[in-house]
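Survey of secondary and tertiary structure
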Amino acid sequence: MPQLPPHPDQHLFQVRHPEWAAQATIYEVNLRQFTPEGTFRAFEAHLPRLAAMGVSIVWLMPIHPIGQVGRKGTLGSQYAVRDYFAVNPEFGTLDDLRHLVQTAHGLGLRVLLDWVANHTSWDNALVTEHPDWFQHDASGNLLPPVPDWTDVVALDYRQPALRRYMTDALLYWLRAADLDGYRCDVAGLVPTDFWDAARPELDAVKPVFMLAEWDELYPSGGLSWEDFNPDTRLLEKAFDMSFGLRLHYLLDRVAEGHEPLHAIDEYLAAERAKYPPSVYLMHFTSNHDVNSWDGTEYERLGPLARPFAVLTVLLPGMPLVYSGQEAALNRRLQFFDHDPIDWQAYPLQDFYTRLLQLKRRHPALRNGDVTSHFRRLDCGPAQYAFLREQGPAAVLCAINTDAAEAALMLPEAAAGTWQDVFSGQQLLFATGEALLVPAHGWRVLERVVV
């Protein structure tokens, strides 16, 4: 792939990513389902394992008290916040949260808190204390942001006092728990100028990392294409990263046979047309919404679950691993009730460790690196292969969606000595030699630099 000219709007993207994020990976923690206890303290015991796996950022789903009015299921949605300044006793205490964050920091991990700025539960005190902070229909009734979200009501960011309150709440948790930033729920439904104003105040307490649940290339937040805003500009001043929803759903469609595998090239071109390479997008095969509502990666992707996981780690972008993926979790977790993960013996722990540790240490895989090169390799319609290069350092990735082994003819750029990241075997390739890729499998090679 030839070197592209600078993005015409590159100057608009002013977020300075922290240096530690350059080779970071992120792990989403569904605290309620992570352990039989479902508490901060019980989850904390897993932090050393996650750090050893190569995780850099731990994202905690919301930890606030949950509304009782309109509650769904037994325990309710963690996204129906009843009090922005309190901890849900289901999970433990504020001191327990502080201890978790302190332990994570001691292991070199950063912690993001899931933040729900767009809506509250019906029984949040703000509903009665500040009814003008909420959206109403023509008859004066409170409105959910999306019709199906019947357990929450939408906030109205035309109110300056609401903006001050929400910013102060964000500042509180940085100071109270020493958090490292936020994952912001349906961030594009909140006015971008709120986030733009809040970010410098947060950074004044400590440099933060901000993740937006949004993708300007694909509708999110339960919206249709007609209601979706593809020009929120969230990544220009406020957020370090947004979701890569378009790639996620593309991989689903490829697995279903509705899109060709090479449509990934069209996606990458669309991403680059929209953003300069310094922008971070988060790629994944599962998260809390996908697992509970769309199905596990094994339901959606079948035998391609692991090859596509390889792509989400090694394509440009930051990879996400969701709770239980390293346990090969093959069931939908209940969203509104306690439903603990069966970890078995962590059957995919080694699989993710090899990928995430490669991501963490390899110079060609840095997030948002404008000087690295992505080179697409020629292959058959059932294979997808590429080189990522930074100077002499390189990673070669090839996946095979076919039910039979495939031979990938290597170009001159791939000549030399390589080490297989999964087997440890060293391989010497001359120009025109073939790399064998197993059925429904993958090969990940690291160039040996002398």
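Summarised in this report is the structure supplied together with it. Source: prediction; values computed, not measured.

1. Describing the overall build of the chain
Assigned secondary structure in the chain consists of 14 helices and 18 strands. For a compact globule of 450 residues, the expected C-alpha radius of gyration is about 22 Å, and the chain comes in at 22 Å, within 12% of that figure. Principal-axis analysis of the C-alpha atoms places the extent of the chain at approximately 75 × 50 × 40 Å. A buried classification covers 57% of the 450 residues belonging to the chain. Across the chain, contacts joining residues at least 24 apart in sequence account for 73% of those joining residues at least 6 apart. When the accessible surface of the chain is summed, it comes to about 17300 Å², and 53% of that surface belongs to carbon and sulfur atoms. Averaging the positions of the 36 positive and the 57 negative side-chain charges in the chain gives two centres separated by 5 Å.

2. Examining helix α14 (residues 349-361)
Its 13 residues give α14 an end-to-end C-alpha distance of 18 Å, which sits within 8% of 18 Å, the value for a rise of 1.5 Å per residue. Regarding α14, the residues found buried are Gln349, Phe351, Tyr352, Thr353, Leu355, Leu356, Leu358 and Lys359.

3. Focus on the sheet that holds strand β12 (residues 383-390)
Overall, antiparallel pairing links the 6 strands, which are arranged β11-β12-β13-β18-β15-β16 in an open sheet. The sheet is open, and its two borders are formed by β11 (373-377) and β16 (426-429), each paired with just one other strand. The sheet shows a mean angle of 25 degrees between the axes of neighbouring strands, direction not considered. Two elements, strand β15 (residues 416-420) and strand β18 (residues 442-447), share 3 bridges in a ladder whose sense is antiparallel. Its bridge partner being in β18, Asp420 is matched across the sheet by Leu445.

4. Focus: the sheet that holds strand β6 (residues 181-184)
Around the barrel, which closes on itself, the 8 strands sit in the order β1-β2-β3-β6-β7-β8-β9-β10 with parallel pairing between neighbours. Strand-to-strand, the axes of this sheet are offset by a mean angle of 25 degrees, without reference to chain direction. The pairing of strand β3 (residues 110-115) with β6 spans 3 bridges and is parallel. Within β6, the residue paired with Trp115 across the bridge is Cys184.

5. Brief notes about the state of the cysteines
Inspection of every chain in the model, using the stated rule, returns 0 disulfides. No disulfide involves Cys379; its sulfur sits 10 Å from the nearest other cysteine sulfur, which is in Cys397. Residue Cys397 is classed as buried on the basis of its relative accessible area of 0%.

6. Some points on the environment of Ala327
Mapped onto the secondary structure, Ala327 falls in the loop between β10 (318-322) and α14. Its relative accessible area of 0% is what places Ala327 among the buried residues. Among residues more than four places away in sequence, those in contact with Ala327 are Asp342, Trp343, Gln344, Tyr346 and Pro347.

7. Some details on the pattern of salt bridges
Evaluated as defined, the whole model comprises 29 salt bridges. Linking Asp96 and Arg41 is a salt bridge whose minimum nitrogen-to-oxygen distance equals 3.0 Å. Of this pair, Asp96 sits in helix α4 (residues 94-106) while Arg41 is found in helix α2 (residues 40-44), placing the two residues 55 residues apart along the sequence. Relative accessible area serves as the criterion here: at 16%, Asp96 is assigned to the buried category. Overall, the relative accessible area of 42% leaves Arg41 in the partly exposed class. For Glu299, the salt bridge identified is with Arg332, shortest N-O distance 3.0 Å. Placement of Glu299 in helix α12 (residues 297-301) and of Arg332 in the loop between β10 and α14 is noted, with a sequence separation of 33 residues between them.

Conventions used here
Residues numbered from 1 in each chain as written. Predicted model: local features only at pLDDT ≥ 70, side-chain atom pairs only at ≥ 80, totals over all residues. Heavy atoms only, no water. Helix = DSSP H or I, 4+ residues; strand = E, 2+ residues; numbered from the N terminus. Rg over C-alpha atoms; globule rule 2.2 N^0.38 Å. Buried < 20%, exposed > 50% of the residue type's maximum accessible area, 1.4 Å probe, protein only. Contact = heavy atoms within 4.5 Å. Areas by Shrake-Rupley, 256 points an atom, 1.4 Å probe, with all protein chains shown as cover. Lys, Arg positive; Asp, Glu negative; His and termini not counted. Charge placed at Lys NZ, Arg CZ, Asp CG, Glu CD. Expected span 1.5 Å × (residues − 1). Pairing = 2+ DSSP bridges. Axes fitted to C-alpha atoms, helices over the stretch in contact; angles between N-to-C directions. Disulfide = S-S within 2.5 Å. Salt bridge = Lys/Arg side-chain N within 4 Å of Asp/Glu carboxyl O.

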